[in-house]
Amino acid sequence: MKCPRCSHEQDKVLESRQNRDSTTIRRRRECLNCGYRFTSYEKIEEKPIIVIKKNGSQQPFDIKKVERGILTCTDKLKINHEDIEKILQRIEDNVREIARNKKVVKSTEIGEETLKPVFQSLTLE
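Residues numbered from 1 in each chain as written. Predicted model: local features only at pLDDT ≥ 70, side-chain atom pairs only at ≥ 80, totals over all residues. Heavy atoms only, no water.

A. Looking closely at helix α1 (residues 63-74). Along its 12 residues, α1 runs 16 Å from first to last C-alpha, staying within 8% of the 16 Å computed at 1.5 Å per residue. Listing the buried residues of α1 in full gives Ile-63, Val-66, Glu-67, Ile-70 and Thr-74. Projection of α1 onto a plane perpendicular to its axis shows the buried side chains occupying an angular sector of 100°, all on one side. Measuring from the backbone nitrogen of Lys-64 back to the side-chain oxygen at the start of α1 gives 3.0 Å, which picks out Asp-62 as the cap. (Helix = DSSP H or I, 4+ residues; strand = E, 2+ residues; numbered from the N terminus. Expected span 1.5 Å × (residues − 1). Buried < 20%, exposed > 50% of the residue type's maximum accessible area, 1.4 Å probe, protein only. Arc of directions from axis to C-beta. Polar contact = N/O pair within 3.5 Å; in protein donor to acceptor, adjacent residues only side chain to side chain.)

B. Region of interest: the sheet that holds strand β3 (residues 37-43). Spatially, three strands are ordered β1-β2-β3 in an open sheet, and the strand pairing comes out antiparallel. Of all strands in the sheet, those bounded by a partner on one side alone are β1 (11-18) and β3. Across the sheet, the axes of successive neighbouring strands diverge by a mean angle of 25°, strand direction being ignored. Bridge count for β1 against strand β2 (residues 24-31) is seven bridges, and the pairing is antiparallel. Its bridge partner lying in β2, Glu-15 is registered against Arg-28. (Pairing = 2+ DSSP bridges. Axes fitted to C-alpha atoms, helices over the stretch in contact; angles between N-to-C directions.)

C. Broad picture of the side chain of Arg-27. When you line up the elements, Arg-27 lands in strand β2. Engagement of the side chain of Arg-27 in a polar contact is seen with the side chain of Ser-16, the distance being 2.6 Å. Setting aside chain neighbours within four positions, we find Arg-27 in contact with Val-13, Glu-15, Ser-16, Phe-38, Thr-39, Ser-40 and Glu-42. (Contact = heavy atoms within 4.5 Å.)

D. Quick look at helix α2 (residues 81-99). Relative to the 27 Å expected for 19 residues at 1.5 Å per residue, α2 spans 27 Å between its end C-alpha atoms, a close match to the ideal helical length. Here α2 starts with a cap whose side-chain oxygen sits 2.9 Å from the backbone nitrogen of Glu-82, and that cap is Asn-80. In the stretch just after α2, Arg-100 is the one whose phi turns positive, near 40°.

E. Summary view of the pairing of β3. Judged from the seven bridges that link them, β2 and β3 form a sheet pairing that is antiparallel. Bridge pairing links Arg-27 to Ser-40 in β3. Between the antiparallel neighbours β2 and β3 lie five residues, among them Gly-35 with a positive phi of about 80°.

F. Main features of unusual backbone geometry. The phi torsion at Ser-7 lies on the positive side, around 65°, for a residue other than glycine. Take Ser-7: it is sitting in the segment before β1. Taking relative accessible area as the criterion, Ser-7 reaches 44% and is therefore assigned partly exposed. One non-glycine residue with positive phi stands out, namely Lys-103, at about 60°.

Keep in mind that these numbers describe shape and distance, not what the molecule does.
Here it is in structure tokens:
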């Protein structure tokens, strides 16, 4: 890992921590040349999920598109941003489960997964 200050390539790891979901590791590092301390993150690189749209075209899955749709639909409601983040994480996890090994998912399946939290909240009220 190159030091952001001096570009030296040798460092030592001072501390490692996983996030709550165990999907990312945060490492505190110290450059052996200049002593500068910096943070790096490790995440498993996954193959992109391909979305097959109704017209047959294909594009990579982008959770930001789902987020924009949810934010547009809920902009007048007082919904906590943390709650939206939890919903997005659940949607992304479910889409990855649907795609599994084939790494392909239909856009209608993403729509159904997006609506599940809405229907769940309606049945709880």
